[in-house]
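# Per-entry structural report
If you want the building blocks of each chain, they are given just below.
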Amino acid sequence: MKPNPLLLFVRLSRGPFLLGATAAYALGVGIADYLRYPIDWSGFWLGLVWVLSMQLTTHYLNEYFDTPIDAANSNRTPFSGGSGVLGEGEGRLPRWTALLAAATTLTVATLATYSLLLSGRLNILSGVVLLLIFLGAVFYSLPPVQLSHSGYGELATAVIVGNLVPTLGLVLQTKELHRLLGLTTFPLTLLGLALLVAVSLPDYASDLKYDKRNLLVRAGWQLGMTLHNVFILSAFLLFGVAPFLDLPVRVALLAFITLPLGFFQVWQVSRIASGHKPNWLTFTGGAVLLFGLTTAILAFAFWTQ
């Protein structure tokens, strides 16, 4: 049976990662709600459209430029190794589809930016945040910068999704920063780094073959797995310290709901390091769930505090 092109395009768009960005944005707006700012719902939706449009632009550009590397990956999962839908022949989408999709979502982001500017919702602070996200999203895959091949792509992505996206959600509502933002987003940035190391592990052989010098290739798989565990444990350590720095205790306690999943990820890495055959689907899916669920729980905690 011939694959449905629409379903192939859905796979190209990597939907599960959009949920994480949505939760991160809702977290920032949730902090504004906790601080008793009236929520500007039109601004909320415009900001969310902008965030998702930029994330889709990143996905599509990455798929286009990494097509040869992704095609050689034998360990692909729904969360790693690219979508695998671009290429020649039946059951594939033409490679130019990703470029056309990126141009479309970038146009949507531009229109959302214009609407935010025209409505007076942007100030210097929110404009700087928009610019930083834009630069990181576009140059993650676009040559000659191509952060995804430099060893800095993981850090840039973790900072964008874990820190800057919640910041955008907050400042579009309040037009200012607040210490609660850092107390929640710095641990999330560490979980984001753990996620990106985790989804790089199944791709390690093909990335090494094609000299895609991401963080894991530069660090080596052994150090990379150690860093993965350090990132997770450090994130929950920060959540434990945060109440002493004025993070509401209830918010911090709810964050620890995902600690068993964090330990499960550390255990899986330890087994892989000791030579056990990995279950890449469980491992990469667990990494996505750890970041996404923790972010969603924090957003829920602030919205209901």
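Here the structure is shown first, and the text comes after it.
Residues numbered from 1 in each chain as written. Predicted model: local features only at pLDDT ≥ 70, side-chain atom pairs only at ≥ 80, totals over all residues. Heavy atoms only, no water.

## Describing the overall build of the protein
Keep this limit in mind: We count a stretch as a helix when DSSP gives it H or I for four or more residues in a row; a strand needs E for two or more, and each element gets its number in order from the N terminus. Every radius of gyration here is taken over C-alpha atoms, with the globule rule written as 2.2 Å times N^0.38, N being the number of residues. Between buried and exposed lies partly exposed: a residue is buried under 20% and exposed over 50% of the maximum accessible area for its type, with that area taken using a 1.4 Å probe on protein chains only. Residue contacts are counted whenever heavy atoms from the two residues lie within 4.5 Å of one another. All accessibility values rest on the Shrake-Rupley procedure with a 1.4 Å probe; residue burial counts only the protein chains present in the view. When charges are counted, Lys and Arg contribute as positive and Asp and Glu as negative, whereas His and the chain ends are disregarded. Charge positions are represented by NZ for Lys, CZ for Arg, CG for Asp and CD for Glu.
For the protein, the helix and strand inventory stands at 14 helices and 0 strands. Going residue by residue from the N terminus, the α and β elements of the protein occur as α-α-α-α-α-α-α-α-α-α-α-α-α-α. Taking 19 Å as the expected radius of gyration for a compact globule of 305 residues, we find that the protein reaches 19 Å, a close match to that expectation. For the C-alpha atoms alone, the extent of the protein along its principal axes is close to 55 × 45 × 40 Å. Residues counted as buried form 54% of the 305 residues belonging to the protein. Restricting the contact set of the protein to residue pairs at least 6 apart, pairs at least 24 apart contribute 78%. A total accessible area of about 13800 Å² is found for the protein, and carbon and sulfur atoms account for 69% of it. Computed over 17 positive and 13 negative side-chain charges, the separation of the two mean positions in the protein equals 4 Å.

## Here we look at the layout of surface pockets
Note the following rule: The way it works is a 1 Å grid over only the protein atoms, where trapped points that fit a 1.4 Å probe form a cavity and open points with protein on both sides within 12 Å along at least five of seven lines form a pocket, and then any residue with an atom within 4 Å of a point lines it. Grid points are joined across faces, edges and corners, and a volume is the space filled by probe spheres set on the points.
Estimates place the volume of the largest pocket at around 950 Å³. Contributing to the lining of the largest pocket are 48 residues, with Phe 17, His 59, Tyr 140, Thr 157 and Leu 196 lying nearest its centre. Those elements that provide at least two residues to the lining of the largest pocket are α2 (15-34), α3 (41-65), α6 (124-139), α7 (153-174), α8 (179-200) and α14 (280-304). Considering each element in turn, the lining of the largest pocket owes the most residues, 8 residues, to α7.

## Some words on the packing of aromatic side chains
Filter applied, for reference: Two rings from Phe, Tyr or Trp (for Trp, the six-membered ring) form a pair when their centres are within 6.5 Å of each other. A pair whose planes differ by under 30 degrees is stacked, one over 60 is edge-to-face, and the rest are tilted. Either the NZ atom of lysine or the CZ atom of arginine qualifies as a charge over a ring when it sits within 6 Å of the ring centre and within 35 degrees of the ring normal.
The final tally for this structure, using the stated rule, is 11 aromatic pairs. With centroids separated by 5.6 Å and ring planes inclined at 70°, the aromatic side chains of Tyr 34 and Phe 302 adopt a geometry described as edge-to-face. With a gap of 268 residues between them, Tyr 34 in helix α2 and Phe 302 in helix α14 connect regions that are remote in the sequence. Three or more aromatic residues joined by ring pairs form one cluster here, namely Tyr 25, Trp 41, Phe 44, Trp 45 and Trp 303. Arg 95 extends its terminal NZ or CZ atom over the ring of Tyr 64, reaching a point 4.4 Å from the ring centre.

## As for empty space enclosed by the protein
In the structure shown here, the tally under the stated rule is 1 cavity of 30 Å³ or more. In this structure, the largest cavity encloses a volume near 30 Å³. Taken together, Leu 191, Ala 194, Leu 195, His 228, Ile 232, Gln 265, Ala 287, Leu 290 and Phe 291 make up the lining of the largest cavity. Among the secondary structure elements, those contributing two or more residues to the lining of the largest cavity are α8, α11 (221-241) and α14.

## Considerations on α3
Cut-off, in case you're wondering: An expected span of 1.5 Å times one less than the residue number is assigned to each helix. Pairing of N or O atoms within 3.5 Å defines a polar contact, subject to two protein rules: one partner must be a possible hydrogen donor and the other a possible acceptor, and residues neighboring in sequence count only if both atoms are side-chain atoms.
End to end, α3 covers 36 Å across 25 residues, agreeing with the expected 36 Å (1.5 Å per residue, within 8%). The N-terminus of α3 is capped by Asp 40, whose side-chain oxygen sits 3.3 Å from the backbone nitrogen of Ser 42.

## Some words on α11
Put simply, the test is: The directions from the helix axis to the C-beta atoms are what the arc is built from.
Counted at 1.5 Å a residue, the expected span for α11 with its 21 residues is 30 Å, and the 30 Å between its end C-alpha atoms agrees. When α11 is considered as a whole, its buried residues turn out to be Gly 224, Met 225, His 228, Asn 229, Phe 231, Ile 232, Ala 235, Phe 236 and Phe 239. With its buried residues spanning 145° around the axis, α11 presents them on a single face. In α11, the exposed residues that point more than 90 degrees away from the buried face are Gln 222 and Leu 237. Tucked into the core, α11 has its buried residues touching α8, α10 (215-219), α12 (249-255), α13 (259-273) and α14.

## Remarks on the packing of α2 against α8
Cut-off, in case you're wondering: For helices, the axis comes from a line fit to the C-alpha atoms of the stretch in contact; other axes are also lines fit to C-alpha atoms, and the angle between any two N-to-C directions lies between 0 and 180 degrees. Angular relationships are summarised with four words: roughly parallel below 35 degrees, roughly antiparallel beyond 145, roughly perpendicular across 65 to 115, and oblique for the angles in between. Two helices crossing with the near one rotated counterclockwise from the far one by less than a right angle form a left-handed crossing, whereas a clockwise rotation gives a right-handed crossing.
Contact pair α2 / α8: the axes reach a minimum separation of 10 Å and the direction vectors enclose 155°. One way to sum up the angle between α2 and α8 is to call them roughly antiparallel. Here the hand of the crossing between α2 and α8 comes out right-handed. On α8, the residues that touch Leu 27, Ile 31 and Tyr 34 of α2 are Leu 180, Leu 181, Thr 184 and Leu 188.

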